[in-house]
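# A look at the structure
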Amino acid sequence: KRYRQTQMHMEDLRQRGVFTGLTIPAMKITGAALMLCAAVLCALAVTVSEKKRIEQLEAFAALVSLILFQIENYSRTLPEILAASDKNILKRCGIENGKIPDFENGDLLIGENERRILGTFFGNLGRHCKSDEIKFCRACISELGTITDKRKSEYPKKRKMSFTLCVSAALAVIIIML
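Residues numbered from 1 in each chain as written. Predicted model: local features only at pLDDT ≥ 70, side-chain atom pairs only at ≥ 80, totals over all residues. Heavy atoms only, no water.

### A short note on helix α6 (residues 130–177)
For α6, built from 48 residues, the straight-helix expectation of 70 Å at 1.5 Å per residue is met to within 8% by its first-to-last C-alpha distance of 67 Å. Its maximal kink placed at tyrosine 155, α6 deviates by approximately 40°, while the proline proline 156 follows within four residues. (Helix = DSSP H or I, 4+ residues; strand = E, 2+ residues; numbered from the N terminus. Expected span 1.5 Å × (residues − 1). Bend = angle between axes of the 7 residues up to and from the residue.)

Have a look at this one:
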């Protein structure tokens, strides 16, 4: 009896145009649209993470340049340099309260090669004479600059590739589904 009342109520709503319900084709189209949106968001996530990786590399290059300037002109130590540095650059590098991040296990966005370069640089900083420190700074800046330029030139290609792959995969699934 309850089922019959529900059916009659639904029929009454349909006749008045209040409830039309979703048909199977409408559900398929809605699902396809959701899958396409998810693919675009996935591609966006990939490109945003790559962009942040490039920004963090640039921040480290700026920090090493600042360290070079401070060592050349003022012969300051690393803690003094970090205390006087721009907090925004330090934050982008993952440096908090003057503590250098762990380049082996830290939450940095940079790649393994960049971690090795920076880990070696910061590990050796303050252990040599001024002229050697300046050489290490310049070598690190050069290596980071090369890597940053390479990543910047590859970024548009990676962005295009991630959008193409994600959207193509979603379209393939949609075609199979429909």
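Anyway, onward from the coordinates.
### Brief notes about the confidence of the model for the chain
When pLDDT is averaged along the chain, the result is 89, and 96% of the positions lie at 70 or above. Taking the mean pLDDT of every element in the chain, the minimum, 77, falls on helix α1 (residues 2–16) and the maximum, 94, on α6. (pLDDT = per-residue confidence, 0-100.)

### Some points on the pattern of salt bridges
Here the structure, examined in full by the defined rule, presents six salt bridges. With a closest N to O distance of 3.4 Å, glutamate 50 and arginine 151 form a salt bridge. Separated by 101 residues along the polypeptide, glutamate 50 in helix α2 (residues 24–74) and arginine 151 in helix α6 bring together distant segments of the chain. Here glutamate 50 matches arginine 151 in class, with each residue buried. Arginine 138 is the salt-bridge partner of glutamate 72, the closest N and O atoms lying 2.5 Å from each other. (Salt bridge = Lys/Arg side-chain N within 4 Å of Asp/Glu carboxyl O. Buried < 20%, exposed > 50% of the residue type's maximum accessible area, 1.4 Å probe, protein only.)

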